[in-house]
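Listed here are the chains, written in short residue letters.
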Amino acid sequence: MKKNQNLFAVALITSLFFLWGFAVNLNPVLIPHLKKACQLTDTQSALIDSAFFAAYFLVALPAGQFMKRFGYKGGILVGLGLFATGAFLFYPAAETRAYGFFLVALFIIASGLTFLETAANPYITVLGDPAGATQRLNFAQSFNGLAATLAPLLGGKLILSGQSLTAGQQAAMAPAQLDAYLSQEASAVQLPYLVIGAVVLLVAVVLYFTRLPDIIEAAATDDASAQGSLWQEKNLLLGVLTQFFYVGAQVCISSFFIRFAGSVAGIPEQTATLYLSGALLSFMAGRFIGTALMRVVAPAKLLAVCSLLNVLLVGLAVTLEGQLPVYALMGVEFFMSIIFPTIFSLSIRGLGPRTKDGSSLLIMAIVGGAVFPVLMGRVSDASSIQTAYVVPGLCFLVVLYFALRNARVPLGPPAPALAGGH
């Protein structure tokens, strides 16, 4: 493969990280918004994350099988198509104000993102020098961090009205007046998601007419990495379990951040989105800083430090009062930055021709984002949103264990061979 072809492929695939990062990080805005528009409890509003991240579990293996037959580019195009379809469905969902319709639209969006992530994460790791695979993936994920910063900032301005009525105020309104208020709240998502759908379709068209290098992962009978079942790969299985707990923690931290800021520190929802945007900006900065640090620090050791600090910061968020707990959660966002891609690259290390299958399992583990927010919502409904943050704190302990187990892993995982393609 020519070097410039390889660099262009990296640039194009990296743009996908921005797209799905934007979609994922609109969920923390949707949760308080639809909680108002559809009159939900914390547990019910957490189903937004459940519908979204359940798709990763259900679609990841079919996505991997699809790409075995049609390649990475085919999988990416299908992913973009599903992404756009789900975004366009937000318009009729808002018209009907049916919560189930919103959940279906989110599931379709997430199904598309599953295709994108199943393709893009391993694709980035094998496009270039194997020793730099972890750094390369963290660099691409940095643009995911940029999208994460912009999503709540723009979503807060375009979707959240800043007007929250108490149950008593709603009960005092005439039925027609209440219905008009709820319909106005729900309709705020229509234009933003129409724009998102149009942009995704445009990217799909550009990618369709672009030649991308293909990756050959041909199995060889004398290659030990091609033998045996993935279920015998203990580090991969531990990585899948760790990713399950980590994604659950990440989604919990962000999804309830706006609710947390309002409940613990009395911060209004639109102002809270600015805090969340700042936290996610630090997430992006952490990606760049972490990528640079991996030139001199082994990824697993850096992962151990970050996960330990997150345990401590969540502990402070649960126990402190005033605005300090909010700042503690902002610090968690910074130290979460390198965790997902580092777990991913350490887990698929040495899989060779089984990389796509291993990648599918790791993407399936994102279903943790469907499980832990509901658990956290129930804890919140039973006690308080501040106490509920114990849930992600415990999840980071699992990440710490995985990091310590991988502390002797070299800087970069080996990767399959590359070859020119369509």
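Reference entry: report on the structure contained in this document. Please read all numbers here as calculations on a predicted model, not as lab measurements. (Residues numbered from 1 in each chain as written. Predicted model: local features only at pLDDT ≥ 70, side-chain atom pairs only at ≥ 80, totals over all residues. Heavy atoms only, no water.)

### Let's talk about the overall build of the protein
Here's step 1: When its secondary structure is counted, the protein shows 20 helices and two strands.
Here's step 2: Residues classed as buried in the protein amount to 58% of the 422 residues present.
Here's step 3: Accessible surface, the protein as shown: approximately 16,200 Å² in total, 67% of it carbon and sulfur. (Helix = DSSP H or I, 4+ residues; strand = E, 2+ residues; numbered from the N terminus. Buried < 20%, exposed > 50% of the residue type's maximum accessible area, 1.4 Å probe, protein only. Areas by Shrake-Rupley, 256 points an atom, 1.4 Å probe, with all protein chains shown as cover.)

### Examining helix α2 (residues 27–37)
Here's step 1: With ten of its eleven residues buried, α2 lies for the most part within the structure.
Here's step 2: Those residues of α2 that fall on the buried side of the exposure criterion are N27, P28, V29, L30, I31, P32, H33, L34, K36 and A37.
Here's step 3: Phi turns positive one or two residues past the end of α2, at Q39, with a value near 55°.

### Points about a nonpolar patch on the surface
Here's step 1: Taken together, the side chains of F88, Y91, L191, L194, V195, V199 and L201 define a hydrophobic patch exposed on the protein surface, amounting to about 580 Å² of accessible area.
Here's step 2: Residue contributions to the nonpolar patch peak at five residues, all from helix α10 (residues 190–208).
Here's step 3: Note that L191 resides in helix α10.
Here's step 4: Classification of L191 by relative accessible area gives exposed; the value is 59%. (Patch = residues over 30% accessible without salt bridge, like charges linked within 9 Å, V, L, I, M, F, W, Y side chains within 5 Å. Salt bridge = Lys/Arg side-chain N within 4 Å of Asp/Glu carboxyl O.)

### Details of the side chain of S111
Here's step 1: You can see S111 is positioned in helix α6 (residues 99–126).
Here's step 2: S111 gets classed as buried once you look at its relative accessible area, which sits at 6%.
Here's step 3: Once residues within four sequence positions are removed from consideration, S111 is found in contact with A55, V59 and L82. (Contact = heavy atoms within 4.5 Å.)

### Some remarks on the environment of L238
Here's step 1: Considering the arrangement of structural elements, one finds L238 in helix α11 (residues 234–255).
Here's step 2: Relative accessible area serves as the criterion here: at 16%, L238 is assigned to the buried category.
Here's step 3: For the pair L238 and Y401, spaced 163 residues apart in sequence, the C-alpha to C-alpha distance is 9.6 Å.
Here's step 4: Excluding residues that lie within four positions of it along the chain, L238 makes contacts with Y401, F402 and R405.

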